[in-house]
Amino acid sequence: MSTIKTVITGTGSFIPANIKTNKEFTGLNFYGEDNQKIATDPQEIVDKFKQITGIEERRYADSDMDSSDMAAIAAQNAIDDAQCDPESLDQIIVAHNFGNVITNTIQTDVLPALASRVKHVLKIKNPNCVAYDILFGCPGWLQGVIQADAFFKAGTAKKCLVIGTETLSRVIDMYDRDSMIFSDGAGASVLEAKNSTATQSGILASSVQSHCMDEVDYLNMGKSNFPDSDPRVRYIKMKGRKVYEYAMKYVPQAMKDCLDKAGVDISELKKVFIHQANEKMDEGIIKAMYKLYGIKNVPEYIMPMSIHKLGNSSVATIPTLLDMVRKNNMVDHQLNDGDIILFASVGAGMNINAVCYRV
């Protein structure tokens, strides 16, 4: 009996050219949540930051480029890679958290939706190509993939373009140490519904959870740490320790749940594409997942990482990472037909998701 398979037929990304190194943060004064200046030397703060997160540098978009602009470039690259007619797309799903933020404004512009703007830039005239945005924290792009899979299996769509795009550099508080984590970028994928008689590739299972009690404000918008700052101007704020503990507790479980639903043995897993949030956290999550299977040592080269040079671009990290590996732009990481891979993400909400996929 044939079934519908959700297959990734093309990927694309946009990595901004502007490099912001850690050294550029050593000249800043950092303040705590209590609005008191942190006495520790900025160089020491930056060095410790790199030790924990693995981030050496990050990318910022040009001042005249918005999230929707980056999304459209990544989308076109994915469409070209998939060799598909844009007019044949049934849906354009754009994941983000802040919409377009005009440089130096800290104001979200989501009218019209970014997906509508992307469709406009791509010059897609087909009115049956439905364009809409989703807000799901950092797991937004992966949630878009899960939604596309559901539409395919319901028989209401056959081809979707899923994009993750963000300009976090425009919503950070430069007086907050956490500002060094965030970056800009966009990643996209074309997904198509294929008959199982024609391919073995496709999504095997997914797992999603939302924890919205005490966890709801682990990531939020708040005023600057700088004393006497305007409380009406809000920036992205993160309870780092809480996020870390949450991720370590729940993400490995969700990943295992996804693999178990797929009926995949852990030994079959070839790659894990995890949201690039924090190197130490990501390494801890992978180790904890294998521990759930009674395995002490994590296989070498199981987890490609781009965070060292690209930072945390939220919804864009996983699709960008996937694009880089698919196109052989990462040393020691390749994908082959039949490989079992796992996607996993965690972010504001708090939300978690995972997808098991056969290449």
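Predicted model, so just to flag it, every value in this text is computed and none were measured.

## A short note on the environment of Ile-340
Moving on, step 1. As for its position among the elements, Ile-340 is in strand 14 (residues 340–347).
Moving on, step 2. Here Ile-340 falls in the buried class, since its relative accessible area comes to 3%.
Moving on, step 3. Linking Ile-340 and Ser-68, residues 272 residues apart in sequence, is a C-alpha distance of 32 Å.
Moving on, step 4. The contacts of Ile-340, once residues within four sequence positions are left out, are Leu-204, Val-264, Glu-268, Leu-269, Lys-270, Lys-271, Cys-356, Tyr-357 and Arg-358.

## Quick look at the packing of aromatic side chains
Moving on, step 1. Throughout the structure, instances matching the rule amount to 8 aromatic pairs.
Moving on, step 2. Seen from their ring centres, Tyr-31 and Tyr-175 are 5.8 Å apart, and the 70° between their planes marks the pair as edge-to-face. Here the residue Tyr-31 occupies a position in the loop between strand 2 (18–21) and helix 1 (42–53), and Tyr-175 occupies one in the loop between strand 8 (159–167) and strand 9 (184–195), the gap between them amounting to 144 residues.
Moving on, step 3. For Tyr-31, a relative accessible area of 13% translates into the label buried.

## Side note on the sheet that holds strand 10 (residues 202–210)
Moving on, step 1. The 4 strands are arranged 10-15-14-13 in an open sheet whose pairing can be described as mixed. The open sheet terminates on both sides in strands that have one partner only, identified here as strand 10 and strand 13 (269–274). Pairwise comparison of adjacent strand axes, ignoring direction, gives a mean angle of 15° for this sheet.
Moving on, step 2. In this sheet, strand 14 lies alongside strand 13 in parallel orientation, the contact comprising 5 bridges. For Phe-273, the partnering residue across the bridge sits in strand 14 and is Phe-343.
Moving on, step 3. Those strands touched by helix 4 (residues 140–154) are strand 10, strand 14 and strand 15 (351–358), and its axis lies near 60° from that of strand 15.
Moving on, step 4. Strands in contact with helix 5 (residues 240–262) are strand 10, strand 13, strand 14 and strand 15; relative to strand 15, the strand with the most contacts, it is inclined by about 35°.

## Here's the deal with helix 6 (residues 279–292)
Moving on, step 1. Between its terminal C-alpha atoms helix 6 stretches 20 Å, which fits the 20 Å expected from 14 residues at 1.5 Å a residue.
Moving on, step 2. Along helix 6, the residues that are buried comprise Glu-279, Met-281, Asp-282, Gly-284, Ile-285, Ile-286, Ala-288, Met-289 and Tyr-290.
Moving on, step 3. Contacts made by the buried residues of helix 6 are with helix 1, helix 5, strand 13, helix 7 (307–310) and strand 14.
Moving on, step 4. One side-chain oxygen at the N-terminal end of helix 6 lies 3.0 Å from the backbone nitrogen of Lys-280; it belongs to Asn-278.
Moving on, step 5. Once helix 6 ends, the next one or two residues include Gly-294, with phi positive near 80°.

## A short note on the sheet that holds strand 8
Moving on, step 1. In space, the 5 strands of this open sheet follow the order 1-9-8-4-7, with mixed pairing throughout. Looking at the sheet topology across the chains shown, the edges are occupied by strand 1 (4–14) and strand 7 (130–134). Within the sheet, the average angular offset between the axes of one strand and its neighbour, ignoring direction, is 20°.
Moving on, step 2. Strand direction decides the pairing type here: strand 4 (residues 91–95) and strand 8, joined by 5 bridges, are parallel. Opposite Ile-92, over in strand 8, you have Leu-161 as the bridge partner.
Moving on, step 3. This element, helix 8 (residues 317–326), spans strand 1 and strand 9 of the sheet and lies at about 90° to strand 1.

## Considerations on helix 4
Moving on, step 1. An ideal rise of 1.5 Å per residue puts 21 Å on 15 residues; helix 4 measures up with 21 Å between its terminal C-alpha atoms.
Moving on, step 2. Among the residues making up helix 4, those that are buried are Gly-140, Trp-141, Leu-142, Gln-143, Gly-144, Val-145, Ile-146, Ala-148, Asp-149 and Phe-152.
Moving on, step 3. Note on helix 4: the residue one or two positions beyond its end, Gly-155, has a positive phi of about 80°.

## Notes on the pairing of strand 3 (residues 57–60)
Moving on, step 1. Burial along strand 3 is two-sided: Glu-57 and Arg-59 facing one way and Arg-58 and Tyr-60 facing the other are all buried.
Moving on, step 2. In terms of strand pairing, strand 2 meets strand 3 through 4 bridges, oriented antiparallel. Across the sheet, Thr-21 pairs through a bridge with Glu-57, a residue of strand 3.

The rules behind the values
- Residues numbered from 1 in each chain as written.
- Predicted model: local features only at pLDDT ≥ 70, side-chain atom pairs only at ≥ 80, totals over all residues.
- Heavy atoms only, no water.
- Helix = DSSP H or I, 4+ residues; strand = E, 2+ residues; numbered from the N terminus.
- Buried < 20%, exposed > 50% of the residue type's maximum accessible area, 1.4 Å probe, protein only.
- Contact = heavy atoms within 4.5 Å.
- Phe/Tyr/Trp six-rings, centres within 6.5 Å; stacked < 30°, edge-to-face > 60°.
- Pairing = 2+ DSSP bridges.
- Axes fitted to C-alpha atoms, helices over the stretch in contact; angles between N-to-C directions.
- Expected span 1.5 Å × (residues − 1).
- Polar contact = N/O pair within 3.5 Å; in protein donor to acceptor, adjacent residues only side chain to side chain.

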